Amino acid sequence: MLNRTLALSLTLLTATTLAHASASSTFNRLNLDGKKTGFATCNIEDKKGVIKVHCETDSVTDKSNAENTIEYQIGKDGLLDTGMLGQTANQTVTMYMPSKANDALTVRTTKAHVETANHTVAIPKPEILLALPNDPSVFQVALQVATAHPHADNTYYLYVPGTTKSPDRIEPFRLHAPKPAKGTLDGKPVTLQHYILTFHAG
């Protein structure tokens, strides 16, 4: 389901995307058959290069991912400062904390203030973004981070949390900006920048 949802999200990403969003936006999540799988309301705040994200997500097809709260922050250096996933269904909170050297990510889960899991994931590159369950904000944040901190090879990295069926993984992706196009907004000419995001598998 994650791959199907991401595939549709990537299709949408090839369309024009607004940069530096600051107001709340609501997204309907659809699978490739056009069926609604859930929705998310996100606020992405960018102040002086610090990006703060707060999302409320809900799923209509997966009770284990219903009514989740997601928060994370990207610092002025383009690196993850901290992240949090609160899951209402099982009453757990998972914290994502990068090491000082940004070479590892500690993932700590608590339930009713009691730690239930704690492990560390090696980070191949310091610049990772969180791709938490059903969170569409990662694509907007990827654009903002890539604009402020461009990589010469256009390659960036997503941390995707593991599930009971799959381990944690670091997904490389490429964000490419073809030649800008022209359009109009409120009757005035504007430059449109289209982005294409691809994962290593295609």
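First, a word on what this report is: a plain description of the structure on this page. (Residues numbered from 1 in each chain as written. Predicted model: local features only at pLDDT ≥ 70, side-chain atom pairs only at ≥ 80, totals over all residues. Heavy atoms only, no water.)

1. Overview of the overall build of the protein chain
The criterion, for reference: Numbered from the N terminus, helices here are DSSP runs of H or I no shorter than four residues, and strands are runs of E no shorter than two. In this scheme, a residue with accessible area under 20% of its type's maximum is buried, one over 50% is exposed, and one in between is partly exposed, where area comes from a 1.4 Å probe on protein chains only. The contact rule is simple, with two residues in contact once any of their heavy atoms fall within 4.5 Å. All accessibility values rest on the Shrake-Rupley procedure with a 1.4 Å probe; residue burial counts only the protein chains present in the view.
The helix and strand inventory of the protein chain stands at two helices and 14 strands. Among the 202 residues that make up the protein chain, the fraction classed as buried is 39%. For the protein chain, contacts bridging at least 24 residues in sequence account for 37% of all contacts bridging at least 6. Accessible area for the protein chain stands at about 11,400 Å²; split by element, carbon and sulfur atoms hold 57% of it.

2. Structural notes on the pattern of salt bridges
We apply this condition: Here a salt bridge means any side-chain nitrogen of Lys or Arg lying within 4 Å of a carboxyl oxygen belonging to Asp or Glu.
If you walk through the whole model with that rule in mind, you get two salt bridges. Between arginine 108 and glutamate 115 there is a salt bridge, with the nearest N and O atoms lying 2.5 Å from each other. For the salt bridge of arginine 169 with glutamate 171, the shortest nitrogen-to-oxygen distance reads 2.6 Å.

3. A word on the side chain of glutamate 171
Among the secondary structure elements, glutamate 171 is positioned in strand 11 (residues 169-176). The class of glutamate 171 is buried, set by a relative accessible area of 13%.

4. Some thoughts on the environment of phenylalanine 173
Of note, phenylalanine 173 is situated in strand 11. Separated by 16 residues in the primary sequence, phenylalanine 173 and tyrosine 157 place their C-alpha atoms 6.0 Å from one another.

5. Some thoughts on the state of the cysteines
Threshold: In this description, a disulfide is simply a cysteine sulfur pair whose atoms lie within 2.5 Å.
A complete count under the given rule lists one disulfide for this structure. Across a sulfur-sulfur distance of 2.1 Å, cysteine 42 and cysteine 55 are joined as a disulfide pair. Judged by the sign of its S-S torsion, about 120 degrees, the cystine formed by cysteine 42 and cysteine 55 is right-handed. Of the two residues, cysteine 42 is situated in strand 2 (residues 36-47) and cysteine 55 in strand 3 (residues 50-59); the sequence distance between them amounts to 13 residues.

6. Re the pairing of strand 11
So the rule is basically this: At least two DSSP bridges between two strands are needed for those strands to be called paired.
Note that strand 10 (residues 155-160) and strand 11 share six bridges and pair antiparallel. Along strand 11, the bridge assignment pairs valine 160 with arginine 169.

7. Structural notes on the side chain of glutamine 140
Which entries qualify depends on this criterion: N or O atoms within 3.5 Å of each other form a polar contact, as long as, within protein, one can give a hydrogen and the other can take it, and as long as residues adjacent in sequence are counted only when both atoms are side-chain atoms.
Inspection of the secondary structure puts glutamine 140 in helix 2 (residues 137-148). A distance of 3.0 Å separates a polar atom in the side chain of glutamine 140 from a polar atom in the side chain of glutamine 144.

8. Examining the sheet that holds strand 9 (residues 128-130)
Definition in use: Convention adopted: a line fitted to C-alpha atoms gives each axis, helices being fitted over their contacting stretch, and angles between N-to-C directions are expressed from 0 to 180 degrees.
Taken together, four strands build an open sheet; the order of strands is 9-10-11-14 and the sheet is mixed. Every interior strand has two partners, whereas the edge strands, strand 9 and strand 14 (196-199), have only one. Mean inter-strand twist for the sheet, computed between neighbouring axes without regard to direction, equals 35 degrees. Looking at chain direction, strand 11 and strand 14 are connected through four bridges and run antiparallel. Looking at the pairing, leucine 175 lines up with leucine 197 of strand 14.

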